[in-house]
Amino acid sequence: MNHSLRNAIREVEALPEKDQEEIAIALHHMAVRKRIDARLDAALRRGGEMTAEVFYAELQQKYGE
């Protein structure tokens, strides 16, 4: 974990539980989106021709995100 993320987590820990939960959910969604974007970029570099919308729809159907 990098220094910036550790600092951010310390700040979040000082917040009320409800605010921590809200931030945790948002962070989780951002992390999932980054992983999906990385997979999409890799597929496009390999010559894939699938649109992002189709790719996301397939992943949502498969994983329920």
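These notes cover the structure that comes with them. For clarity, every value in this text was computed on a predicted model and none was experimentally measured. (Residues numbered from 1 in each chain as written. Predicted model: local features only at pLDDT ≥ 70, side-chain atom pairs only at ≥ 80, totals over all residues. Heavy atoms only, no water.)

1. Topic: the packing of helix 2 (residues 17–45) against helix 3 (residues 52–63)
At a minimum axis distance of 11 Å, the contact between helix 2 and helix 3 shows a crossing angle of 125°. Taken together, helix 2 and helix 3 sit at an angle that is classed as oblique. Like other packed secondary-structure pairs, helix 2 and helix 3 cross with a definite hand, here right-handed. Residues Arg-33, Ile-36, Asp-37, Arg-39 and Leu-40 of helix 2 pack against Ala-52, Phe-55, Tyr-56, Leu-59 and Tyr-63 of helix 3. Partitioning the contact of helix 2 with helix 3 into residue classes produces 7 nonpolar, no polar and 3 charged. (Axes fitted to C-alpha atoms, helices over the stretch in contact; angles between N-to-C directions. Helix = DSSP H or I, 4+ residues; strand = E, 2+ residues; numbered from the N terminus. Parallel < 35°, antiparallel > 145°, perpendicular 65-115°, else oblique. Left-handed = near helix turned anticlockwise from the far one by under 90°. Contact = heavy atoms within 4.5 Å. Nonpolar A, V, L, I, M, F, W, Y, C, P; charged D, E, K, R; others polar.)

2. Points about the nonpolar core
Across soluble globular proteins, nonpolar side chains have a tendency to be buried as a group. Counting residues in each nonpolar core, the largest one holds 6 residues, listed as Val-32, Ile-36, Leu-40, Phe-55, Tyr-56 and Leu-59. Listing elements by their share of this core, those giving two or more residues are helix 2 and helix 3. Those residues in contact with Ile-36, other than ones at most four positions away along the chain, are Phe-55, Tyr-56 and Leu-59. (Core = buried A, V, L, I, M, F, W, Y, C linked by side-chain atoms within 4.5 Å. Buried < 20%, exposed > 50% of the residue type's maximum accessible area, 1.4 Å probe, protein only.)

3. Some words on the environment of Ile-36
Inspection of the secondary structure puts Ile-36 in helix 2. In this structure Ile-36 comes out as buried when scored by relative accessible area, which is 14%. Remark: the alpha-carbon pair of Ile-36 and Ala-52, spanning 16 residues in sequence, is separated by 9.6 Å.

4. Looking at the pattern of salt bridges
A complete count under the given rule lists 1 salt bridge for this structure. Between Arg-33 and Asp-37 there is a salt bridge, and its shortest N-O distance comes to 3.6 Å. Separated by 4 residues within a single helix, Arg-33 and Asp-37 lie in helix 2, roughly one turn from each other. According to the relative accessible area criterion, Asp-37 is partly exposed, its value standing at 26%. (Salt bridge = Lys/Arg side-chain N within 4 Å of Asp/Glu carboxyl O.)

5. Side note on helix 2
In an α-helix, one turn spans 3.6 residues, which is why side chains three or four residues apart end up on the same side. Taking 1.5 Å as the rise per residue, helix 2 with 29 residues should run 42 Å; its terminal C-alpha atoms sit 42 Å apart, in good agreement. Taken residue by residue, helix 2 has Val-32, Ile-36, Leu-40 and Ala-43 as its buried positions. Tucked into the core, helix 2 has its buried residues touching helix 3. Immediately beyond the C-terminal end of helix 2, within one or two residues, lies Gly-47, with a positive phi of roughly 105°. (Expected span 1.5 Å × (residues − 1).)

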